[in-house]
Amino acid sequence: MSDCGCGAEQAESLEKKTLIILLSINAFMFVTELTLGWLAQSTGLIADSLDMLADATVYGLSLYAVGKGVVKQAKAARVSGYLQIILGLGVLFEVIRRMFFGSEPQSTLIIVVGAVALLANIICLILISKHKDSGVHMRASWIFSTNDVIANLGVIISGVLVAIVGSRYPDLIVGTIISIVVIRGGIKILQDADQTQKSGNRA
């Protein structure tokens, strides 16, 4: 149940409205970060943009799960967990590719885009915090948003280090770290979904 202190139907309505806003923010930031990340030759930004895509998908699945039973909520969360792991592995592949073939990340663009993404994710985190105890599908959304804030801070730091050191390696390192955070988040969601489904089956 949401922490709004209202009835079940009103709580579900608030969850849906919140998820629609979160979905819109993350879909917009995915397109923005992917485009500018590619132009900036930044694996950190590209990794974060794919994380935004995973988030948008999770919010869409969570939107579907609102008002459904715990088993369907767990299934929606499980899909989002697998997606997050796949995207994390994809970014790791991109980091390795750029390590061998080279890249010239643009520090100023990395810092600016990272700061905008951080602001967007802080807004998402504030919105979802009121609903994080509403079910496994909403807890999955909370995990995603928390990981995003950490990832954004890493992207900004990598941009600063690229400017200071004049090397692509800080960006590659942050891209790797974000990928690992994304993969770990996906595993945590899968574990939570399995536990919830087992509890639902016993009920």
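Cut-offs used in this document
- Residues numbered from 1 in each chain as written.
- Predicted model: local features only at pLDDT ≥ 70, side-chain atom pairs only at ≥ 80, totals over all residues.
- Heavy atoms only, no water.
- Helix = DSSP H or I, 4+ residues; strand = E, 2+ residues; numbered from the N terminus.
- Buried < 20%, exposed > 50% of the residue type's maximum accessible area, 1.4 Å probe, protein only.
- Contact = heavy atoms within 4.5 Å.
- Areas by Shrake-Rupley, 256 points an atom, 1.4 Å probe, with all protein chains shown as cover.
- Patch = residues over 30% accessible without salt bridge, like charges linked within 9 Å, V, L, I, M, F, W, Y side chains within 5 Å.
- Salt bridge = Lys/Arg side-chain N within 4 Å of Asp/Glu carboxyl O.
- UniProt positions renumbered as here; feature names shortened; annotations may be inferred.
- pLDDT = per-residue confidence, 0-100.
- 1 Å grid on protein atoms, 1.4 Å probe; cavity = no way out; pocket = protein on both sides within 12 Å on 5 of 7 lines; lining within 4 Å.
- Points joined across faces, edges and corners; volume = space filled by probe spheres on them.
- Nonpolar A, V, L, I, M, F, W, Y, C, P; charged D, E, K, R; others polar.
- Phe/Tyr/Trp six-rings, centres within 6.5 Å; stacked < 30°, edge-to-face > 60°.
- Lys NZ or Arg CZ within 6 Å of the ring centre and 35° of its normal.
- Polar contact = N/O pair within 3.5 Å; in protein donor to acceptor, adjacent residues only side chain to side chain.
- Core = buried A, V, L, I, M, F, W, Y, C linked by side-chain atoms within 4.5 Å.

## Describing the overall build of the protein chain
- Scanning the protein chain from N- to C-terminus turns up six helices and zero strands.
- Here the protein chain holds 203 residues, and 48% of them are scored as buried.
- Taking all contacts inside the protein chain whose residues are at least 6 apart in sequence as the whole, residues at least 24 apart take part in 80%.
- Of the roughly 9600 Å² of accessible surface on the protein chain, a fraction of 68% belongs to carbon and sulfur atoms.

## Some thoughts on a nonpolar patch on the surface
- Taken together, the side chains of I96, M99, F100, F101, Y169, I173 and I177 make up a nonpolar region of the molecular surface, amounting to roughly 810 Å² of accessible area.
- Considering every element that reaches the nonpolar patch, the biggest residue donor is helix 3 (residues 70-101), with four residues.
- Position of Y169 relative to the elements: it lies in helix 6 (residues 169-202).

## So, the UniProt feature "transmembrane region" (unreviewed entry) in the protein chain
- Summarizing the sequence annotation, UniProt attributes the feature "transmembrane region" (unreviewed entry) to residues 19-39, 45-67, 79-96, 108-128, 149-166 and 172-190 in the numbering used throughout.
- With 100% helix and 0% strand, the stretch residues 108-128 has end C-alpha atoms that lie 30 Å from each other.
- Structurally, residues 149-166 is divided into 94% helix and 0% strand, and its ends, taken at the C-alpha atoms, are 25 Å apart.

## What about the confidence of the model for the protein chain?
- For the protein chain, per-residue confidence averages 79 on the pLDDT scale, and 82% of positions sit at 70 or higher.
- Mean pLDDT across the elements of the protein chain ranges from a minimum in helix 2 (residues 43-65), with 78, to a maximum in helix 4 (residues 107-129), with 88.
- Across residues 1-8 the pLDDT falls below 50, and counting only partners more than four positions away or on other chains, this stretch makes 18 contacts in the model.

## Some points on empty space enclosed by the protein
- On inspection of all chains with the given rule, the structure shows one cavity of 30 Å³ or more.
- Approximately 40 Å³ is the volume attributed to the largest cavity.
- Along the walls of the largest cavity sit A47, L50, D51, L87, G88, V91, S179 and V182, which together make up its complete lining.
- Its residues assigned to classes, the lining of the largest cavity shows five nonpolar, two polar and one charged.

## Brief notes about the packing of aromatic side chains
- Overall, the coordinates contain zero aromatic pairs when judged by the stated rule.
- Across from the ring centre of W38, 5.2 Å away, lies the NZ or CZ of R98, which sits over that ring.
- The cationic tip of R168 hangs over the ring face of Y169; the distance from NZ or CZ to the ring centre is 5.0 Å.

## A short note on the environment of S49
- You can see S49 is positioned in helix 2.
- Placed 22 residues apart in sequence, S49 and A27 show a C-alpha to C-alpha distance of 9.3 Å.
- With near-sequence residues (within four places) excluded, S49 lies in contact with F30, E33 and L34.
- Polar contacts involving the side chain of S49 include one to the main-chain carbonyl oxygen of I46, which spans 2.7 Å.

## Quick word on the nonpolar core
- One finds L45, I110, V155 and I178 to be the most contacted residues of the largest nonpolar core, which totals 13 residues.
- Of all the secondary structure elements, the ones that give two or more residues to this core are helix 2, helix 3, helix 4, helix 5 (136-165) and helix 6.
- Top element by residues in this core is helix 6. It accounts for four residues.
- Contacts of I178, omitting those with residues within four sequence positions, involve G44, A47, A151 and V155.

## A word on the side chain of N26
- As for its position among the elements, N26 is in helix 1 (residues 8-39).
- Among the polar contacts listed, one links the side chain of N26 to the backbone oxygen of L22, at a separation of 2.9 Å.
- Among residues more than four places away in sequence, those in contact with N26 are M52, D55, A56, Y59, N121, C124 and D148.

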